[in-house]
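Each chain, written out:
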Amino acid sequence: MKIKGIARDTLNFILEVSKFMAPQEFAGLLQEKNGIITEVLLLPGTESSNTNAVLKLYMMPNIKAVGSVHSHPGLNRSPSQADRRLFSKTGNYHIIVGRPYDTQSWTCYDRGGKIIELPVLDVKFEGYGDF
Ligand code: ZN
């Protein structure tokens with residue numbers, strides 16, 4: 001599945017949750033509709049830990065996802081070893097959000113940990129088929 005981009009509303013939601021959760025990490029799986037990332041499947045039990053959000057994604061049931069998203073507590077948005085292992089495991093679009101959790105403070109990586117462009121799209125949810 002070729003991904004055209006992420007819906008602006010979805011990205012804003014990710015940034016808001018990341019900010020709300022900080023300094024704890026937030027993690028979730030990305031799901032697409034018609035080639036656009038519009039859904040974030042939040043990791044259950046995110047309130048319980050501040051360091052292993054990514055590791056917990058491994059324990060998610062086998063859900064179809066185009067990638068993952070998680071936040072870092074600081075400015076560094078480089079993927080850790082654990083991040084890279086997760087990237088190679090599920091999907092090809094992996095967003096890492098860092099402080100200050102604004103529209104500039106996120107980076108998308110492919111499954112190999114290489115930075116990729118992910119366009120932010122203004123999607124009209126109404127009248128868009130079966131959203
Ligand atoms: Zn990470």
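To keep things clear, this report deals only with the structure shown in the data block. Worth saying up front: this structure is predicted, and the values here are computed from it rather than measured. (Residues numbered from 1 in each chain as written. Predicted model: local features only at pLDDT ≥ 70, side-chain atom pairs only at ≥ 80, totals over all residues. Heavy atoms only, no water.)

## Quick notes on the nonpolar core
One broad rule of soluble globular proteins: the nonpolar side chains tend to lie buried together.
And then number 1: In terms of nonpolar packing, the biggest core is built from 20 residues, with I14, L30, I37, V69, I95, V97 and L118 touching the most fellow members.
And then number 2: At the level of elements, α1 (8–21), β3 (36–42), β5 (93–97) and β6 (106–109) are the ones that each hand at least two residues to this core.
And then number 3: Excluding residues that lie within four positions of it along the chain, I95 makes contacts with I6, L30, S68, V69, H70, W106, T107, C108 and L118.
And then number 4: One finds L43, L57, A65 and L86 within the second-largest nonpolar core, a separate group that totals 6 residues. (Core = buried A, V, L, I, M, F, W, Y, C linked by side-chain atoms within 4.5 Å. Buried < 20%, exposed > 50% of the residue type's maximum accessible area, 1.4 Å probe, protein only. Helix = DSSP H or I, 4+ residues; strand = E, 2+ residues; numbered from the N terminus. Contact = heavy atoms within 4.5 Å.)

## Details of the coordination of the zinc ion
And then number 1: Around the zinc ion, the donor atoms from the protein are H70 (NE2), H72 (NE2), D83 (OD) and D83 (OD), and they sit 2.0 to 2.6 Å away.
And then number 2: Taken together, the 4 donor atoms coordinating the zinc ion and their angles of 54 to 162° define a geometry best described as irregular.
And then number 3: In primary-sequence terms, the residues that donate to the zinc ion follow H-x1-H-x10-D. Accessibility classification places H70 together with H72 in one group, the buried group. (Donors = N, O, S within 2.8 Å, 3.2 Å for Na, K, Ca; no water. Tetrahedral: all angles 85-135°; square planar, octahedral: opposite > 155°, others 65-115°.)

## Some thoughts on unusual backbone geometry
And then number 1: Here the residue pair A22 and P23 is connected by a cis peptide bond, since its omega of 5° sits within 30 degrees of zero.
And then number 2: By the element assignment, P23 lies in the loop between α1 and β2 (27–33).
And then number 3: Cis peptide bonds are those with omega within 30 degrees of zero, and the linkage from R99 to P100 qualifies with 0°.
And then number 4: With respect to the helices and strands, the residue P100 is situated in the loop between β5 and β6.

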